[in-house]
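Each chain, letter by letter, is given below.
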Amino acid sequence: MRHYAPEFCNANDMAYLIGMKPSAFKDAVGNGFLPKPIRNPFTGADVWDREEVIEAMRVHGQLKYEPKEVELDILRAARGEKT
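As the structure is a computational prediction, the values presented were derived from the model and not from experiment.

For the rest of this paragraph, the subject is the overall build of the chain. Each helix and strand counted, the chain has 4 helices and 3 strands in total. The helix and strand sequence of the chain, counted from the amino end, reads β-α-α-β-β-α-α. Classification of the 83 residues of the chain by burial places 20% in the buried group. Partitioning the intrachain contacts of the chain with sequence separation of at least 6 by distance along the chain shows that 42% fall at a separation of at least 24. Accessible surface computed for the chain: about 6,100 Å², of which carbon and sulfur atoms make up 55%.

Next up, the structure:
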């Protein structure tokens, strides 16, 4: 079980992460509200950079979320940073 979101997610995981249905997420990407995917060079799958999507949500004023310190600690630990 993962305790943090991966840096790059497929459409379904990214939609879940930001609280959208996958179809609504894909529509938001298609109309330019959210960033387009990048191609994973290892699998060929379309993936989204989690930070880019979250930043787009913030820029559009849809998300006023500041991570809690415990969430930041989990993310730092996952990246191998000292907490």
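Having seen it, we continue.
Counting residues in hydrophobic clusters, the biggest one holds 13 residues, and the most contacted among them are M14, I18, F25, V29, L34, W48 and V53. Listing elements by their share of this core, those giving two or more residues are α1 (11–17), α2 (22–30) and α3 (50–59). Not counting chain neighbours up to four residues away, the residues in contact with I18 comprise F25, L34, V53 and M57.

Read from one edge of the open sheet, 3 strands run β1-β3-β2, paired in antiparallel fashion. The open sheet is flanked by β1 (8–9) and β2 (38–39), the only strands paired with a single partner. Of the strand pairs in this sheet, β2 and strand β3 (residues 46–49) are connected by 2 bridges, and their pairing is antiparallel. Within β3, the position partnered with I38 by the bridge is V47.

This model, assessed by the stated rule, comprises 3 salt bridges. Linking R39 and D46 is a salt bridge whose minimum nitrogen-to-oxygen distance equals 3.4 Å. For E51, the salt bridge goes to R50, with nearest N and O atoms at 2.8 Å. Within the structure, one salt-bridge network assembled from shared partners comprises E7, R50 and E51.

Turning to the packing of aromatic side chains, a few remarks are in order. Ring pairs (aromatic) are described by centroid distance and by the angle formed between their planes. Taken as a whole and assessed by the stated rule, the structure comprises 1 aromatic pair. Look at F25 and W48: their rings are 5.1 Å apart centre to centre, the planes differ by 75 degrees, and that puts the pair in the edge-to-face class. One end of the pair, F25, is in helix α2; the other, W48, is in strand β3, with 23 residues separating them in the sequence. Of the two residues examined, F25 and W48, each falls in the buried class.

What follows covers α3. Here α3 has its buried residues at R50, V53, I54, A56 and M57. Along α3, the residues classed as buried sweep out an arc of 155 degrees about the axis, all on the same side. N-capping of α3 is provided by D49, with a side-chain oxygen placed 2.9 Å from the backbone N of E51.

The rules behind the values
Residues numbered from 1 in each chain as written. Predicted model: local features only at pLDDT ≥ 70, side-chain atom pairs only at ≥ 80, totals over all residues. Heavy atoms only, no water. Helix = DSSP H or I, 4+ residues; strand = E, 2+ residues; numbered from the N terminus. Buried < 20%, exposed > 50% of the residue type's maximum accessible area, 1.4 Å probe, protein only. Contact = heavy atoms within 4.5 Å. Areas by Shrake-Rupley, 256 points an atom, 1.4 Å probe, with all protein chains shown as cover. Core = buried A, V, L, I, M, F, W, Y, C linked by side-chain atoms within 4.5 Å. Pairing = 2+ DSSP bridges. Salt bridge = Lys/Arg side-chain N within 4 Å of Asp/Glu carboxyl O. Phe/Tyr/Trp six-rings, centres within 6.5 Å; stacked < 30°, edge-to-face > 60°. Arc of directions from axis to C-beta. Polar contact = N/O pair within 3.5 Å; in protein donor to acceptor, adjacent residues only side chain to side chain.

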